[in-house]
Amino acid sequence: MRRNYTHIRNDNGVEDKGYVYHVLREKTNLKECYGLRYADDFRIFCRKRQDAEKLFIATQKWLKERLGLDISPEKSQIVNLKRRYSEFLGFKIKVYVKGEKNGKPKYTVVSHVSDKRKEKIKKRAAEMVGKIKFPADRFEEHKFIMDYNSYVMGVHNYYRIATHVSQDFAEIGFPVKRTMKCRLGQRLKREGNTLPPFVQQMYGKSKQLRYIRGLFVLPISFVQTRPPKHRPRDWCVYTPEGRAAVHKALEKINIPILHYLMEHPIRNESIEYNDNRLALYCAQQGKCAITGRPLEIGDIHCHHKVRRADGGNDSYSNLILVCRDAHILLHAMWESTIEYYVEKLALNAKQKDKLNRLRKRLNLDPI
């Protein structure tokens, strides 16, 4: 019977070990626990308090004897999640009863943004609003607004996996909106330029959306919870095979160039455009989509497959990274220009085919 259970696999290919766990729980004195770690911050979850007390002492001794590390008495403690919250990576979590199964209560996790992080977000957002108040010129004003929007989107994307994120950011947004109204006053308008599609999708329904000189200012209190996405199952830092899978995904990406792109967004372009530029650099492994050659700083051009004038946008599917010479050749119409860059790039048949497919979407003749 055990043999039959241990060889059953789920739809995703993972072996079903439910029967093994059942036997371990019923027939052994082993203490069941689940570990969760990020860098030097970790949590160990147990079913019984007596197991937690034994594991706490064992972990404390192991860290001291094997690694020479002392735990922090203030941060290290045993918490009953049915009664108190436990903080981890800016979140605080607790369990509540939700229904029954076989006469026993079922529990579900409730999570919030931690109190410390809420205060930090309020303070940081107020500081960024203060910068928008006294810009040196319109370019600096544009930069400060986009910095604020990037910050709002960043904290939303990070904390949106909390089950009560909407409630928490409503609390955060109240003093921030008051600060914005006091410092920016009549500069805030209810109407402005057309929103980029991704902003329209995420924030278009909000009545708190405001504009300064036509540029949108995102509402910090408008966010909805979303379940977390799972990473590939073969990625694991605890095994040689898992680490190899992680490194394989990064080995062909020039990290200094990626950092440069992160620190030098294209001015006057949308947040979606600059975010997708980073995503494309990673997806294309730092290479030109046409020539296949490595992209260098100053030679990275983000091409719109469909022109904005023809209804194109800054979505991921409408952008592609190419080198400067290939970008010129994509838009070239003069025969002398085409001949010069065709000879310079020395494209093969496959590369020419891809180039011509992109030119066709621009309503240009093939080369």
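In what follows, the structure referred to is the one given above.
Residues numbered from 1 in each chain as written. Predicted model: local features only at pLDDT ≥ 70, side-chain atom pairs only at ≥ 80, totals over all residues. Heavy atoms only, no water.

**Student:** Is there a simple way to explain the packing of aromatic side chains in this structure?
**Tutor:** To describe a pair of aromatic rings, one takes the distance between the centres and the angle between the planes. Using the criterion set out here, one finds six aromatic pairs in the structure. For the pair Phe91 and Tyr158, a centre-to-centre distance of 5.4 Å together with 35° between the ring planes defines the contact as tilted. Residue Phe91 is found in strand 4 (residues 91-101), and its partner Tyr158 is found in helix 5 (residues 138-159); the two are separated by 67 residues along the sequence. By relative accessible area, Phe91 is classed as buried at 10%. (Phe/Tyr/Trp six-rings, centres within 6.5 Å; stacked < 30°, edge-to-face > 60°. Helix = DSSP H or I, 4+ residues; strand = E, 2+ residues; numbered from the N terminus. Buried < 20%, exposed > 50% of the residue type's maximum accessible area, 1.4 Å probe, protein only.)

**Student:** Sorry, what's going on with a positive patch on the surface here?
**Tutor:** On the surface, a cluster of positive charge is made up of Lys75, Lys116, Arg117 and Lys120. Mapped onto the elements of the fold, Lys75 is located in the loop between helix 3 (49-67) and strand 3 (86-88). On the basis of relative accessibility, which here comes to 71%, the residue Lys75 falls in the exposed class. (Patch = residues over 30% accessible without salt bridge, like charges linked within 9 Å, V, L, I, M, F, W, Y side chains within 5 Å. Areas by Shrake-Rupley, 256 points an atom, 1.4 Å probe, with all protein chains shown as cover. Salt bridge = Lys/Arg side-chain N within 4 Å of Asp/Glu carboxyl O. Lys, Arg positive; Asp, Glu negative; His and termini not counted. Charge placed at Lys NZ, Arg CZ, Asp CG, Glu CD.)

**Student:** Looking at this model, I keep getting lost on unusual backbone geometry. Mind explaining?
**Tutor:** Negative phi is the rule for most residues except glycine; trans is the rule for most peptide bonds. The phi angle at Gln285 is positive, at roughly 55°, despite the residue not being glycine. Of the residues examined, Gln285 reaches a relative accessible area of 30% and is grouped as partly exposed. Of note, Ala346 is a non-glycine position whose phi angle comes to about 50°, a positive value. Exposure remark for Ala346: the relative accessible area of 57% places this residue in the exposed category.

**Student:** For this particular structure, what's the right way to read the pattern of salt bridges?
**Tutor:** When the charged atoms of two side chains with opposite charge come close together, those side chains can pair. Scanning the model with the defined rule gives 20 salt bridges in all. Of the charged contacts, one joins Asp115 and Lys92 as a salt bridge, the two residues approaching to 3.4 Å between their closest N and O atoms. Of this pair, Asp115 sits in helix 4 (residues 115-133) while Lys92 sits in strand 4, placing them 23 residues apart in sequence. Using a relative accessible area of 40% as the deciding quantity, one classes Asp115 as partly exposed.

**Student:** Help me understand helix 9 (residues 255-263) in this model?
**Tutor:** Since the α-helix advances by 3.6 residues per turn, residues separated by three or four positions end up pointing in the same direction. Along helix 9, the residues classified as buried are Ile257, Leu258 and Leu261. An end-on view of helix 9 places all buried positions within 100° of arc, on one side of the element. Every exposed residue of helix 9 that faces more than 90 degrees away from the buried side is listed here: Pro256 and Glu263. (Arc of directions from axis to C-beta.)

**Student:** Explanation requested: the sheet that holds strand 4 in the structure shown.
**Tutor:** Paired through backbone hydrogen bonds, the strands of a sheet run either parallel or antiparallel to each other. The three strands are arranged 3-4-5 in an open sheet whose pairing can be described as antiparallel. Across the chains shown, the open sheet's two edge strands, defined by having one partner strand only, are strand 3 and strand 5 (104-113). Across this sheet, the average inter-strand angle for adjacent strands is 40°, counted without regard to direction. With nine bridges connecting them, strand 4 and strand 5 associate as antiparallel partners. Paired with Val97 across the strands is Tyr107, a residue of strand 5. (Pairing = 2+ DSSP bridges. Axes fitted to C-alpha atoms, helices over the stretch in contact; angles between N-to-C directions.)

**Student:** Is there a simple way to explain the state of the cysteines in this structure?
**Tutor:** Within this structure, the stated rule accounts for zero disulfides. Left without a disulfide partner, Cys288 is nearest to the cysteine sulfur of Cys323, which lies 3.9 Å away. Its relative accessible area of 4% is what places Cys288 among the buried residues. (Disulfide = S-S within 2.5 Å.)

**Student:** Honestly, the packing of helix 5 against helix 6 (residues 165-184) in this entry has me stumped. Any pointers?
**Tutor:** Angle between the axes and distance between the axes: these two values describe a pair of packed helices. Where helix 5 contacts helix 6, the axes come no closer than 11 Å and their chain directions differ by 165°. Relative to helix 6, helix 5 is oriented roughly antiparallel. Handedness of the helix 5/helix 6 crossing: right-handed. Of the residues in helix 6, those touching helix 5 at Tyr148, Val155, His156 and Tyr159 are Val165, Phe169, Val176 and Met180. (Parallel < 35°, antiparallel > 145°, perpendicular 65-115°, else oblique. Left-handed = near helix turned anticlockwise from the far one by under 90°. Contact = heavy atoms within 4.5 Å.)

**Student:** Any chance you could explain helix 13 (residues 349-361) here in plain terms?
**Tutor:** Over its 13 residues, helix 13 extends 19 Å from the first C-alpha to the last, a length consistent with the 18 Å expected when each residue adds 1.5 Å. Taken together, the buried positions of helix 13 are Gln351, Leu355, Asn356, Leu358 and Arg359. For helix 13, the angular spread of buried residues about the axis comes to 160°, placing them on one side. The exposed residues of helix 13 that point more than 90 degrees off its buried face are Ala349, Lys350 and Lys360. Considering only its buried residues, helix 13 is in contact with strand 9 (319-322), helix 11 (324-331) and helix 12 (335-345). Its side-chain oxygen at 3.2 Å from the backbone nitrogen of Lys350, Asn348 defines the N-terminal cap of helix 13. Once helix 13 finishes, Asn363 follows within two positions and takes phi at roughly 65°, a positive value. (Expected span 1.5 Å × (residues − 1). Polar contact = N/O pair within 3.5 Å; in protein donor to acceptor, adjacent residues only side chain to side chain.)

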